Amino acid sequence: MAKIGEAQAPVTARDALARGRLRASLVPDLLVEARRIVNTVIAGWHGRRKRGIGEDFWQFRPYVEGEAIANIDWRRSARDDHIYVRDREWEAAHTVWLWADPSPSMLYKSAGARVSKQSRALVLTLAMAELLSRSGERIAWPGLTDPFINRNGAERIASHLAQATTLPAKPDFFGVRRFSDVILVSDFLDPAEETLEWLDGLARRGARAHLVEVADPVEETFPYAGRTEFTDPETGDKLTAGRAEILADEYRNLYITRRETVAAWAKRLGWSYTVNHTDRLASEALVGLHMALSSEDSHLGRVGA
């Protein structure tokens with residue numbers, strides 16, 4: 001009997017505590033794996049140009065209500081229906097916020113996957129923490145740590161994760177300031193409109209996000225046939241299909257449409273969107289994030305061009 005998701009009943013406090021203990025047991029090994037990936041894949045991490053007061057052009061980004069009208073680039077804004085602001089370059093450090101989705105759906109691991117989505121998300125997040133810390137960047141995890149600079153930043157975040165009994169389903173963006181970078185690692189399986197509504201609050205803060213969708217190969221291909229019972233990992237609701245194969249085409253269309261909708265919306269903001277499958281190497285997504293962060297000046301300068 002095939003199942004999508006591992007939770008078998010509505011989420012309770014006991015379930016949340018069990019997930020917290022599982023996460024705590026995984027963190028030490030995941031930290032070691034994260035450091036191994038950083039050491040073998042990324043030879044060096046060069047300082048990145050950052051937004052701020054300066055002479056050189058940095059990027060076009062959407063205008064945020066309340067900003068000075070003098071900052072608007074009317075020539076760029078005239079190209080389409082959006083209002084854009086021209087940012088300048090600044091060499092000072094800023095905060096990179098890191099977050100991995102703790103929701104029950106992230107526990108899923110099919111037979112064809114290397115690891116669960118949760119393990120992959122945490123490895124990627126800790127690897128980025130390690131990489132950024134080595135280069136002297138200020139990092140933070142919303143709702144878990146305040147922004148800090150520390151060469152052992154990944155270890156510090158790992159310690160907080162191991163001690164946290166529960167984590168909120170969605171991060172609190174209250175501390176995220178304008179010009180921050182935010183790395184969000186999730187399966188993004190919520191309906192696209194709900195995801196966009198959630199992320200819109202981050203966009204309005206003037207932050208730049210890098211979305212990493214972690215996907216199990218089974219979720220994408222839907223290889224089921226015959227009588228199959230599916231379980232919603234968030235609510236425990238069940239659906240029994242007499243012939244699962246007849247749902248395959250509609251399911252795949254909905255699944256890909258959700259991804260394409262969120263990715264296209266992110267691209268319009270100048271954000272990056274990466275997909276990492278759990279039957280592939282974590283290093284592939286790490287390299288993609290490295291490129292997005294290192295080349296964001298040239299990438300963002302082409303938004304809407």
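Basis of the calculations
- Residues numbered from 1 in each chain as written.
- Predicted model: local features only at pLDDT ≥ 70, side-chain atom pairs only at ≥ 80, totals over all residues.
- Heavy atoms only, no water.
- Helix = DSSP H or I, 4+ residues; strand = E, 2+ residues; numbered from the N terminus.
- Buried < 20%, exposed > 50% of the residue type's maximum accessible area, 1.4 Å probe, protein only.
- Contact = heavy atoms within 4.5 Å.
- Areas by Shrake-Rupley, 256 points an atom, 1.4 Å probe, with all protein chains shown as cover.
- pLDDT = per-residue confidence, 0-100.
- Patch = residues over 30% accessible without salt bridge, like charges linked within 9 Å, V, L, I, M, F, W, Y side chains within 5 Å.
- Salt bridge = Lys/Arg side-chain N within 4 Å of Asp/Glu carboxyl O.
- Phe/Tyr/Trp six-rings, centres within 6.5 Å; stacked < 30°, edge-to-face > 60°.
- Lys NZ or Arg CZ within 6 Å of the ring centre and 35° of its normal.
- Expected span 1.5 Å × (residues − 1).
- Core = buried A, V, L, I, M, F, W, Y, C linked by side-chain atoms within 4.5 Å.
- Pairing = 2+ DSSP bridges.
- Axes fitted to C-alpha atoms, helices over the stretch in contact; angles between N-to-C directions.
- Nonpolar A, V, L, I, M, F, W, Y, C, P; charged D, E, K, R; others polar.
- Parallel < 35°, antiparallel > 145°, perpendicular 65-115°, else oblique.
- Left-handed = near helix turned anticlockwise from the far one by under 90°.

### Topic: the overall build of the protein chain
Broken down by element type, the protein chain carries nine helices and nine strands. Residue burial in the protein chain is summarised as follows: out of 305 residues, 50% are buried. In the protein chain, of all internal contacts separated by at least 6 residues, the share reaching a separation of at least 24 is 76%. Here the protein chain has roughly 14800 Å² of accessible surface; of this, 53% comes from carbon and sulfur atoms.

### Brief notes about the confidence of the model for the protein chain
The pLDDT averaged across the protein chain works out to 82; a share of 81% of its residues lies at or above 70. A low-confidence stretch, residues 1-10 stays under pLDDT 50, and its non-local contacts, those more than four residues away or across chains, total 34 contacts. For residues 296-305, every residue scores under 50 in pLDDT, and the model assigns this stretch 33 contacts once sequence neighbours within four places are set aside.

### Considering a nonpolar patch on the surface
Together, Val-41, Val-287 and Met-291 make up an exposed nonpolar region whose accessible area comes to about 220 Å². When you line up the elements, Val-287 lands in helix H8 (residues 282-294). According to the relative accessible area criterion, Val-287 is partly exposed, its value standing at 31%.

### Quick notes on the pattern of salt bridges
Oppositely charged side chains can form a pair if their charged atoms are brought close together. Applying the stated criterion across every chain yields a total of 15 salt bridges. Where Arg-280 meets Glu-284, a salt bridge forms, and the shortest distance between an N and an O atom there is 2.8 Å. For Arg-280, a relative accessible area of 44% gives the class partly exposed.

### Points about the packing of aromatic side chains
Aromatic ring pairs are described here by two measures, namely the spacing of the ring centres and the angle between the planes. For the coordinates displayed, the defined rule picks out nine aromatic pairs. Aromatic side chains Phe-222 and Tyr-224 sit 5.2 Å apart centroid to centroid with 80° between the ring planes, which places their arrangement in the edge-to-face category. Exposure remark for Phe-222: the relative accessible area of 5% places this residue in the buried category. Under the relative-accessibility criterion, Tyr-224 is labelled buried at 10%. Plain terms: the ring middles of Tyr-224 and Phe-230 are 5.2 Å apart, the flat faces sit at 80° to each other, and that makes the pair edge-to-face. With respect to class, Tyr-224 is no different from Phe-230; both count as buried. Seen from the ring of Phe-148, Arg-156 lies directly overhead, with NZ or CZ sitting 4.0 Å from the centre.

### Things to note about helix H3 (residues 117-134)
Between its first and last C-alpha, H3 extends 26 Å over 18 residues, near the 26 Å set by a 1.5 Å rise per residue. Taking burial as the measure, the 18 residues of H3 include 17 buried ones, the bulk of the element. Phi turns positive, to about 80°, at Gly-136, one or two residues after H3.

### Quick notes on the nonpolar core
Core analysis: the largest hydrophobic core is formed by 61 residues, its most contacted members being Leu-98, Met-128, Ile-157, Leu-184, Leu-202, Leu-211 and Trp-271. Formed by eight residues, the second largest nonpolar core is a distinct cluster that contains Tyr-108, Tyr-224, Phe-230 and Ala-241.

### A short note on the pairing of strand E8 (residues 238-241)
Sheet analysis places strand E7 (residues 228-231) next to E8, joined by four bridges and oriented antiparallel. Residue Thr-228 lies in a different strand from E8, and its bridge partner there is Ala-241. Counting the residues that bridge the hairpin from E7 to E8 gives six residues, and of these Gly-236 lies at a positive phi of roughly 85°.

### Side note on the packing of H3 against helix H4 (residues 153-163)
Direction vectors running N to C along H3 and H4 enclose 145°, while the axes themselves pass 7 Å from each other. In this structure, H3 contributes Leu-122, Leu-126, Ala-129, Glu-130 and Ser-133 to the contact, and H4 contributes Gly-153, Ala-154, Ile-157, Ala-158 and Leu-161. Within the contact of H3 with H4, the residues separate by chemical class into seven nonpolar, two polar and one charged.

### So, the environment of Ala-244
You can see Ala-244 is positioned in the loop between E8 and helix H7 (248-269). Distance in space between the C-alpha atoms of Ala-244 and Phe-230 is 9.8 Å, their sequence separation being 14 residues.

### Brief notes about the packing of H3 against H8
The geometry of H3 relative to H8 is characterised by a closest axis approach of 10 Å and an angle of 45° between their N-to-C directions. With respect to each other, H3 and H8 are oriented oblique. The way H3 lies across H8 gives a crossing that is right-handed. Between H3 and H8, the residues in contact are Arg-120, Val-123, Leu-124, Ala-127, Met-128 and Leu-131 and Ala-282, Ala-285, Leu-286, Leu-289, His-290 and Leu-293, respectively. Broken down by class, the residue content of the contact of H3 with H8 amounts to ten nonpolar, one polar and one charged.

### Notes on the sheet that holds strand E3 (residues 95-100)
Reading across the sheet, the five strands line up as E4-E3-E5-E6-E9 and stay open at both edges, with parallel pairing between neighbours. Each edge of the sheet is formed by a strand with only one pairing partner; in this case those strands are strand E4 (138-140) and strand E9 (272-277). Ignoring which end each strand starts from, the neighbouring axes of this sheet average 20° apart. Note that E3 and strand E5 (residues 181-186) share five bridges and pair parallel. Considered in E5, the bridge of Trp-99 is made with Leu-184.

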